[in-house]
Amino acid sequence: MTGPASERTRVHRHPERGAYDRATIHTILDEALICHVGWVDEEGEPRVLPTIHARVGDTLYLHGSRAARPWRALRAGAPVCVAATIVDGLVLARSAFNHSMNYRSVVVYGRAREVTEPEELDLAARAITDHVAPGRAAEARMPTVDEYRQTLLLAVPIAEASAKIRTGPPKDDAEDLGLPIWAGVLPLRLAAGAAKPDPSLAAGVPLPPSLRPYRRPRPAG
Ligand SMILES: Cc1cc2nc3c(=O)[nH]c(=O)nc-3n(C[C@H](O)[C@H](O)[C@H](O)COP(=O)(O)OP(=O)(O)OC[C@H]3O[C@@H](n4cnc5c(N)ncnc54)[C@H](O)[C@@H]3O)c2cc1C
């Protein structure tokens, strides 16, 4: 359960941008296409790797090859830190010093557990597939027993987490406001291009509903 800030989730720089409520944290995790997973390896070296995630309720699912290092470490009980980021805009100030970005980001701390029950494996696999392209799990062939055997699915409780959100225009110093330098915000968003069919696509297979149009996260309702 996310709640009030913990000792390690309390935002120090610009604390007014921090949020710890479940709804805010869930919304950002659902919209962020990818996350970055951080842990400390057996040699004591910090590691951070980008990966796909999906949220179901208060659980964050991660997955990958059983041979991959992050999942082996997390399965063995390594504490994990997951960060997900959405960039909403470039904040261009008059001064280089005050340039910034508008963003929504989340940090989750915890330990992962391996998902082993067939029902939860299916739930997690569907959630990850739908996170990437909402509706895709209903269209794709889902994993076979052997494919599940090759894959490690991990569940991280979203129990100790923070969000940080910056919005609005640049914050230049008063003495710079009169400078003849453009300042403002350039909004940015993730945009899909036109879908390119696989060259070996069977004849007559139409564009699936999940791409007509591609929209994520799944619209509410
Ligand atoms: C796209 C983007 C660009 C940024 N660019 C810069 C930059 O160039 N320079 C810079 O100093 N900062 C930048 N930030 C902000 C940065 O993420 C940190 O918030 C800041 O550097 C340090 O904050 P702090 O001292 O509170 O950190 P800490 O005291 O180390 O953080 C304490 C806790 O606050 C929470 N927290 C801190 N930051 C975030 C966050 N962004 N999202 C969710 N939870 C958070 C975490 O739970 C963390 O454990 C950027 C953020 C984003 C999303």
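Provided above is the structure to which this section pertains.
For the chain, the helix and strand inventory stands at four helices and ten strands. Taken from the N to the C terminus, the helices and strands of the chain come in the order β-α-β-β-β-α-β-β-β-α-α-β-β-β. Projecting the C-alpha coordinates of the chain onto the three principal axes gives extents of approximately 65 × 50 × 35 Å. Looking at the chain as a whole, 21% of its 221 residues are labelled buried.

Time to look at the site of the ligand. Neighbouring the ligand are 16 residues; H12, R13, S105, S162 and K164 lie closest to it. Those elements giving two or more residues to the shell around the ligand turn out to be strand 5 (79-92), strand 6 (100-111) and strand 9 (160-166). Among the elements that make up the shell around the ligand, the one with the highest residue count is strand 6 (five residues). Here the shell around the ligand is built from residues that sort into seven nonpolar, five polar and four charged.

What follows is about helix 1 (residues 22-31). Those residues of helix 1 lying buried are I25, H26, I28 and L29. All buried residues of helix 1 project into a common sector of 165 degrees when viewed along the axis, lining one side. The secondary structure elements touched by the buried residues of helix 1 are strand 3 (46-56), strand 4 (59-65), strand 5, strand 6 and strand 9.

Note that L29 resides in helix 1. Along the primary structure L29 and A93 are separated by 64 residues, whereas in three dimensions their C-alpha atoms are 29 Å apart.

Now for helix 3 (residues 118-132). Helical geometry note: an α-helix holds 3.6 residues per turn, so side chains three or four residues apart project in the same direction. Look at helix 3: 21 Å from first C-alpha to last across 15 residues, which is about the 21 Å you get at 1.5 Å a residue. For helix 3, the set of buried residues is A124, A125, A127, I128, T129, D130 and H131. Close packing links the buried residues of helix 3 with strand 3, strand 4 and strand 8 (151-157).

Reading guide: rules and limits
- Residues numbered from 1 in each chain as written.
- Predicted model: local features only at pLDDT ≥ 70, side-chain atom pairs only at ≥ 80, totals over all residues.
- Helix = DSSP H or I, 4+ residues; strand = E, 2+ residues; numbered from the N terminus.
- Buried ≥ 20, exposed ≤ 12 C-beta atoms within 10 Å, placed from the backbone.
- Near = placed C-beta within 6 Å.
- Nonpolar A, V, L, I, M, F, W, Y, C, P; charged D, E, K, R; others polar.
- Arc of directions from axis to C-beta.
- Contact = placed C-beta atoms within 7 Å.
- Expected span 1.5 Å × (residues − 1).

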